Amino acid sequence: MTSSPRPGSSFSRSRFTRRNMLLATPVVLGTGALAACSSGGSEGSGSSGSDGGVATGGGATGGTLTIYTTGEEMSFDPATSQSLAITSLGLTARRLTAWKTSPDAPTELIPDLATDTGTPSEDGKTWTFTLQEGLKFEDGTPITAAAVKYGLERSFAPELTGGLSYHKVLLEGGEDYAGPFSGEHLDSIEAVDDLTLVLHLNRPYGDFGWVASNPAFAPVPEDSGQPETYATQPVTSGPYRVESYSPGAQAVLVRNEHWDAGTDQARAGGPDTIEFALAQDASVVAQSIIADRSDAQDSFLASFVPTAQLVQARNDPKVGDRLVTSGPGALEYLVLNTESEALKDVNIRKALQYAVDKEAYRTAKGGEISGDFATTLITPGIAGREEYNLYAEAPSGDAEEAKRLLAEAGAQDLSLRLVIRDDQTAAAESIQQALTRVGISVTIQPLDANAYQSEVTAGDGSAYDMVLSSWQPDMPSPNANLTPLFESTQIGNGNYNLARYANEEVDAALLEASSTLDADEAGAKWAAVDKRIMEDSPVVPLIYSKNSFIHGSGVENFVIGQFPAYPNYLTTTLKA
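A. Focus on unusual backbone geometry. Of the consecutive residues phenylalanine 563 and proline 564, the connecting peptide bond is found in the cis state with omega at -15 degrees. Relative to the helices and strands, proline 564 resides in the loop between strand S22 (558–559) and strand S23 (573–574). With a phi angle near 50 degrees, arginine 500 is a residue other than glycine that sits in the positive phi range. As for its placement among the helices and strands, arginine 500 is situated in the loop between helix H12 (478–486) and helix H13 (504–515). Here the phi dihedral of serine 537 falls at roughly 55 degrees; this positive angle occurs in a residue that is not glycine. If you trace the backbone, serine 537 turns up in the loop between helix H14 (519–536) and strand S19 (539–545).

B. Quick look at the sheet that holds strand S8 (residues 196–200). Spatial strand order, S5-S6-S8-S7: four strands in an open sheet with antiparallel pairing. The open sheet has two edge strands with one neighbour each: strand S5 (119–120) and strand S7 (189–191). Taken together, the five bridges between strand S6 (residues 126–130) and S8 define a ladder with antiparallel strand orientation. When the bridges of S8 are listed, threonine 130 appears paired with threonine 196. The sheet contacts of helix H2 (residues 145–154) involve S7 and S8, and relative to S7 the element is tilted by about 160 degrees.

C. Focus on the confidence of the model for the protein chain. Across the protein chain, pLDDT averages 89, with 90% of residues at or above 70. Below a pLDDT of 50 lies the segment residues 1–45, which in the model reaches 228 contacts outside its immediate sequence neighbourhood of four places, other chains included. Segment residues 50–58: pLDDT under 50, and 20 contacts once partners within four positions in sequence are set aside and those in other chains are kept.

D. Local environment of the packing of aromatic side chains. Per the stated rule, a full pass over the model turns up 13 aromatic pairs. For the pair tryptophan 127 and phenylalanine 208, a centre-to-centre distance of 5.8 Å together with 45 degrees between the ring planes defines the contact as tilted. One end of the pair, tryptophan 127, is in strand S6; the other, phenylalanine 208, is in helix H3 (residues 208–211), and 81 residues separate them in sequence. For tryptophan 127, a relative accessible area of 5% gives the class buried. The class of phenylalanine 208 is buried, set by a relative accessible area of 0%. Measuring from centroid to centroid gives 5.4 Å for phenylalanine 156 and tyrosine 177, while their planes differ by 65 degrees, and the two rings are edge-to-face. Of this pair, phenylalanine 156 sits in the loop between H2 and S7 while tyrosine 177 sits in the loop between H2 and S7, and the two are 21 residues apart along the sequence. With relative accessibility at 8%, the residue tyrosine 177 sits in the buried group. Site record: aromatic cluster; members linked through ring pairs are Trp99, Trp210 and Phe563. A cation over a ring is seen here: arginine 362 above phenylalanine 373, with NZ or CZ 3.9 Å from the ring centre. Stacked on the ring of tyrosine 388, the Lys or Arg lysine 531 has its end atom at 5.2 Å from the ring centre.

E. Layout of the packing of helix H5 (residues 282–291) against helix H6 (residues 307–315). Interaxial distance between H5 and H6 falls to 9 Å at its minimum, and their mutual angle equals 10 degrees. It follows from the interaxial angle that H5 and H6 lie roughly parallel. Between H5 and H6, the contacting residues are Ser283, Ala286, Gln287 and Ile290 on the first element and Gln309, Gln312 and Ala313 on the second. Looking at the contact of H5 with H6 residue by residue, the class counts come to three nonpolar, four polar and no charged.

F. The arrangement of the pattern of salt bridges in detail. For the coordinates displayed, the defined rule picks out 23 salt bridges. Between glutamate 341 and lysine 344 there is a salt bridge whose closest N-O contact spans 3.6 Å. The exposed category is assigned to glutamate 341, whose relative accessible area is 65%. Lysine 344 gets classed as partly exposed once you look at its relative accessible area, which sits at 48%. Between lysine 525 and glutamate 521 there is a salt bridge, with the nearest N and O atoms lying 3.3 Å from each other. Placement of the pair is lysine 525 and glutamate 521 together in helix H14, with a separation of four residues, close to one helical turn. Residue classification places lysine 525 among the partly exposed positions, given a relative accessible area of 22%. Taking the relative accessible area as the measure of exposure, glutamate 521 reaches 41% and is therefore partly exposed.

G. Layout of the sheet that holds strand S18 (residues 466–471). Strand order across the open sheet formed by six strands is S15-S19-S14-S18-S16-S17, with mixed pairing between neighbours. Looking along the sheet, the strands with just one partner apiece sit at the ends: strand S15 (371–373) and strand S17 (441–447). With direction set aside, neighbouring strand axes in the sheet form an average angle of 30 degrees. Note: strand S14 (residues 331–336) against S18, six bridges, orientation antiparallel. By the bridge assignment for S18, leucine 336 is matched with methionine 466. The sheet contacts of H12 involve S14, S18 and S19, and relative to S18 the element is tilted by about 155 degrees.

About the criteria used
Residues numbered from 1 in each chain as written. Predicted model: local features only at pLDDT ≥ 70, side-chain atom pairs only at ≥ 80, totals over all residues. Heavy atoms only, no water. Helix = DSSP H or I, 4+ residues; strand = E, 2+ residues; numbered from the N terminus. Pairing = 2+ DSSP bridges. Contact = heavy atoms within 4.5 Å. Axes fitted to C-alpha atoms, helices over the stretch in contact; angles between N-to-C directions. pLDDT = per-residue confidence, 0-100. Phe/Tyr/Trp six-rings, centres within 6.5 Å; stacked < 30°, edge-to-face > 60°. Buried < 20%, exposed > 50% of the residue type's maximum accessible area, 1.4 Å probe, protein only. Lys NZ or Arg CZ within 6 Å of the ring centre and 35° of its normal. Parallel < 35°, antiparallel > 145°, perpendicular 65-115°, else oblique. Nonpolar A, V, L, I, M, F, W, Y, C, P; charged D, E, K, R; others polar. Salt bridge = Lys/Arg side-chain N within 4 Å of Asp/Glu carboxyl O.

This is the structure:
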C-alpha cells in the first residue's frame, strides 16, 4: 500500500492518497484490509522456482498464466492507478523507471523507458530523463518524450482520479493545473525532443527517481481517444496488450509484438497469455491450487492465502515451496490520538508503549508466522532504516513501568475508545486485555469500511482515542513510511495521520530529509526523524507483518522481494 505529498513542505493533503494495489483497479487494499489478511507460511522463503527464486529477467516463455483475484473489475489507465510497479499494470504500461526485486537484497531502482534513473540538477529541482531509442507502443508508433508528458498531464485531469499523486505537488504549477483535455499543457513537464524529458520541481526532491516509477509516468499517445475508454482500451507499452475484458469475469492479455525484451530490465515477458480471473472466492481458489488440480497448475492467487487454507497448505507436504511467504513488510501499529483529551499528555502515551503486549497481539494474529515484533516506524527492507527501541525491551511489555508513568502523569480511571475495522476483534481484544492489567479500561468499537472512512480517516478525530491500523509504503523510501503518517498536513480529509500528530520540528525535518539528494545523508536524516517521532509516542509499533501467497506447480520465478511484500508479476514464468 503507499502514500502521498503535501503543501508547504512535501505533499498536498487532499492529494496525498495512498496505497498499493494488487490490481490496476479502483479497488484499493486499505490499511485494515492488509492487516486483516497478513499471515504467514513457510517463513521467510520469499520465492520459489528452479533457479532458487531470484528473478533473472529470463526464464521459459510460452503458455497461459492464470492470475486469480477477488477483484471484480480492472482498469489499465495509468492516470487512475495506484498499482505497484511490479504488479498488474506493469504488464501493460512501462514507466520512466522500474524496480528490481529479490528476496536476498534490497529492491533496486532501475531504468525502464529511460536510459538511467534520472539526473538531478545541482539544486535537485530539475530532473532529466533520456528515453531509449526504438521503443514502440503496441501499434508500432514510437514512444516519445511527448507521450510521457501527455501521460503525466492526463493524471491531473479531474476526470481521472484515484492515482498516486506524489508528482502533482512536486511539479511546478501542478497545484493549478487541470489536465490537457481543454488544450492546456503543464510547462514544468518539458519534452525537449523525442527522447529528452525535463521535469521542473518546486523544490529539491531526492527520491524523484522512485516517483518516476509510479503509474502516471507511463506514456500515453495524445490521440489515444476518450479518457473514459482508455481504462479498458489502452495503447500499451509493456510486453502485453489487452485482447479482451469482461467486468466480473475475465481480462485477457496477449503479447505486444512491438515490445523489445532487449530494452527491458524489469520484465521477463514469459507467458504468451495472461488471464486475470476476476471475482473469485479466495478460499475456493486456494483449495484448487493446494490440490494442484490440472486447471490450477499454471496459476497463482493474487490475494493472501486465507487462514484456514494457510494452515492446510503448511501441513501438506505436497505443497512445499509453492507456498511463498514474504519477509517482514507492512507496519501494524496502535494509533494514539494526540488530540484526544485522555492522550494529550506524552507521558500517558509513553505509558501505553510499556502497557501493550505485542506478544499477545501477534498470537491473536496467528503467531510467529504473522510477523516480527516492531519497534521502529521505517519498515524492514528500506534503505536508511536503523533498528532501535526506545521503550520496553520485552515484547510482552513492562506493566510496572507503565503503572509508574501513569501515576507520575496523574492518570486515574483512564477509559479509552479503541476503534477497529469489524474484522480486527481478536487483535483488539489483546490490546484491551494488556491495558486492563495496568488499570486502563478499553471499549472496542468495530466499524464497517464506510463508517471507518467517515469517522477515522475523514473525521475530526473526536470519534476515537486509539485505532488499529497498518501501513505499506508505495515505494521503498523512508519518505513513504513517515510523511503520510506523521506530517501535520496529512491530518483528516481522508489522509492517514490518524494520530493527528502535529510537530513543527518534525515537519521541518521531514522536508529537509526528502529534499536531500545524497542517499547516505538522506538515510541518516530519515533515521533521526523516525526516532524523534517515537519520542513523542503518537503510535505503538506492533509487528511488521508477513504475507503468504500460493501458486501451482507449473509456475516458476514467483518472487517476493525484500520490498514490497508482494510477488513480482513481471518476472513470473511458466515451466517449459
